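Survey of secondary and tertiary structure
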Amino acid sequence: MCGIVGLYCKSPELEPRLGEYLAAMLGQMNDRGPDSAGVAVYRDPAPDGWTKLTLYSADTGFDWDAVGGEVTDARARHAVVLVEEDAAEAEASVRSRFPELRVMSAGRTIEIYKEVGLPSSFVTEFRLHEFEGTHGLGHTRMATESRVTTEGSHPFSTGQDLCLVHNGSLSNHNRLRERLRREGLTFQTENDTEVAAAYLTWRLREGDTLQAALESCLDTLDGFYTFLVGAADGFAVLRDPVACKPAVLAENDDWVAMASEYRAIAVLPGAADAEIWEPEPTVVYAWEKEPVR
Amino acid sequence: MTTTAAGAAVVDLASTSLRELNQRLHDLAGDDPQPRGWQILNPNGAHAVACGLDAPLDVEIAGHVGYYCAGMNKRAVVHVRGNAGTGLAENMMSGTVVVDGNASQSAGATGRGGLLVVRGDAGARCAISLKGLDIVVGGSIGHMSAFMAQRGSLVVCGDAGDALGDSIYETHVYVLGRVGSLGADCVEKPLREQHVAEVRALLERAGFDDLDPSVFRRYGSARTLYNFHVDHAGEY
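Nothing here was measured: the structure is a model prediction, and the numbers come from that model.

A word on the state of the cysteines
All names here are of chain B. Tallying each qualifying case throughout the model produces zero disulfides over all chains. Here C69 is not disulfide-linked; the sulfur of C51 is the nearest cysteine sulfur, at 7.4 Å. Residue classification places C69 among the buried residues on the basis of a relative accessible area of 0%. With no disulfide of its own, C126 lies 12 Å from the sulfur of C157, the closest cysteine sulfur.

Details of the pattern of salt bridges
If you walk through the whole model with that rule in mind, you get 28 salt bridges over all chains. Salt-bridge contacts for E130(A) lead to R127(A); the nearest nitrogen and oxygen are separated by 2.9 Å. On the accessibility criterion, E130(A) (39% relative accessible area) is partly exposed. When the shortest N-O distance is used, the salt bridge between R119(B) and D100(B) registers 3.4 Å. Linking R119(B) in the loop between β7 (115-118) and β8 (131-137) with D100(B) in the loop between β6 (96-99) and β7, this pair joins segments that are 19 residues apart in sequence. Look at R119(B) and you get partly exposed, because its relative accessible area is 35%.

Looking at the nonpolar core
Ranked by internal contacts, the top residues of the largest apolar core, which has 51 residues, are I61(B), L88(B), L116(B) and L154(B). Excluding anything up to four places from it in sequence, L116(B) contacts L88(B), A89(B), M92(B), V97(B), A107(B), G108(B), L133(B), D134(B), I135(B) and V136(B). Residues L14(A), L26(A), V39(A) and A259(A) belong to the second largest nonpolar core, which totals 34 residues.

Digging into the confidence of the model for chain B
The predicted coordinates should not be examined in detail at positions where pLDDT is low. Residue-level pLDDT values for chain B average 96, and 98% of them are 70 or greater. Taken together, the chains of this predicted complex give a pTM of 0.92 and an interface ipTM of 0.89.

Considering the interface of chain B and chain A
Between chain B and chain A, the residue contacts involve twelve residues of the former and 15 residues of the latter. Interface area, chain B with chain A, both sides summed: about 1000 Å², of which 45% is carbon and sulfur. Interface area lost by chain B to chain A is led by H64(B), Y67(B) and H143(B), which between them contribute 39%. Taken together, the connections running from chain B to chain A amount to zero salt bridges. For the pair chain B and chain A, the number of links is nine residue pairs in polar contact (both at pLDDT 80 or more).

The rules behind the values
Here, residues in each chain are numbered from 1, in the same order as that chain's written sequence. To read the labels, note that chains go from A and ligands from 1, taken in the order they are written. This being a predicted model, a pLDDT of at least 70 is required before a residue's local features are given, and a value of 80 or more before pairs of side-chain atoms are given or counted; all residues contribute to the totals for chains, interfaces and linings. To get the side-chain values, all heavy atoms of the structure are used, and hydrogens and water are removed first. Here, the term disulfide refers to a pair of cysteine sulfur atoms separated by no more than 2.5 Å. Whether a residue is buried, partly exposed or exposed follows from its accessible area with a 1.4 Å probe, protein chains only, as a fraction of its type maximum: under 20%, in between, or over 50%, in that order. The rule for a salt bridge is simple: a side-chain nitrogen of Lys or Arg has to be within 4 Å of a carboxyl oxygen of Asp or Glu. Secondary structure elements follow DSSP: runs of H or I no shorter than four residues count as helices, runs of E no shorter than two count as strands, and numbering proceeds from the N terminus. Nonpolar cores were defined as sets of buried Ala, Val, Leu, Ile, Met, Phe, Trp, Tyr and Cys residues, with membership established by side-chain atoms within 4.5 Å. Note on definitions: a residue-residue contact is assigned when non-hydrogen atoms from the two residues lie within 4.5 Å. One confidence number per residue, pLDDT, is output by the predictor and ranges from 0 to 100. Here the quantity called buried area is the total loss of accessible area, with a 1.4 Å probe, experienced by two parts when brought into contact, counted for both. Each polar contact in these results corresponds to two N or O atoms within 3.5 Å; when the atoms are within protein, one needs to be able to donate a hydrogen and the other to accept it, and residues that are neighboring in sequence are counted only if both atoms are side-chain atoms.

Right, dumping it as structure tokens:
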């Protein structure tokens, strides 16, 4: 199963309540994915020349100031740290100095939080209602392909300010993981979605647009998937050709929402009167303030 | 429980649990339910609303419903004033189910009898394994519709997606618009007088009587997959 939610604020008036709405949407998807939950939120851009990292420590007593940047947020074993480096340098530096930490996300605006346990507990533990931002996406996981761990939870980072959540299962991820390792990508889990995320990372690194990278998934990935991809300026949705994993899109003047089921959208203001439709299989649907790349 | 001026019971799912609602409706199984009319408010995408009814009830749902709405319906008229999620009216036996908006995948799956009307579009796998139910869709239907459909009929006033009628048995399929592609063993067949009459009757029952039944196109089984034949091995 698994549940996906996404909310993109067209109206700036909605931005202060992004977290509140995401929390309500995730709560509706509790029973689709009781194993773990996660969100990516896009807010508070880092200054020019700086990178925003979301870091995770298994040890609750970790001193975030030791990382050597400006700690702007810390909640439930996650912290947001601004460093005056480019993203690649910042990530490499953290990995070499603090091998016990995980880099959840890197970019200018993205923050990723994820943890095992019920989504309803996640929402409370991470005080999701506090988040303001332009857009966000979330996931509730019912694990099928690999263990229930924080690292195996969604969203998966797919590069700077990019992330992926997935409902479905991929059947050719082992072979593809080997191919991507030869391209220099690294993996933290045996998870199938991590392979899809790495595949997107690789295609984007090779110069594909987000649209082209997603479309190439149709030829490369074998299995079931509804993907929601977060980017600095918006998000995109893709379903596999068989489209047995659900997806609903809804839009009105104030927001665009995506969810596995309508009940997650029903919590939004004006949902009943929004334009509501199912995304067609194999078609990339994207919303962005400016081109995603 | 409040009632409307017409005497229908009003149940608000914002304050009444789904289980309680369905139990009340199930308790009315029989020939003379009282009250006969029911109005359900605030469905907000809930699953299994008005599932398993077995009485001549008249149920109106004011809003969008989730999965399996009106599943296994017998005798009742269920009217959804909104969209419906996966598995609408799955395995319905008799009665009428009407959706004013769109329906998600597998609408009317395995349905055995009665009438299902979707005024908007229906998603993939509409009428999959149909066993006698009649379905009229005002808009278009998605891919793999009428897969292995055995009896009953499917009338589509818009377009049909890919692989229509794959491995179909004896369900009658009529499409007014474009068909993406036909599935294995599904072919176009001549629209004879009795078929025009069948389409006309179904359109009238569904309330689409402004459409000309003689311009629909008819699809059905080429009947080459009924028994194993070595020349068709590639198609199984």
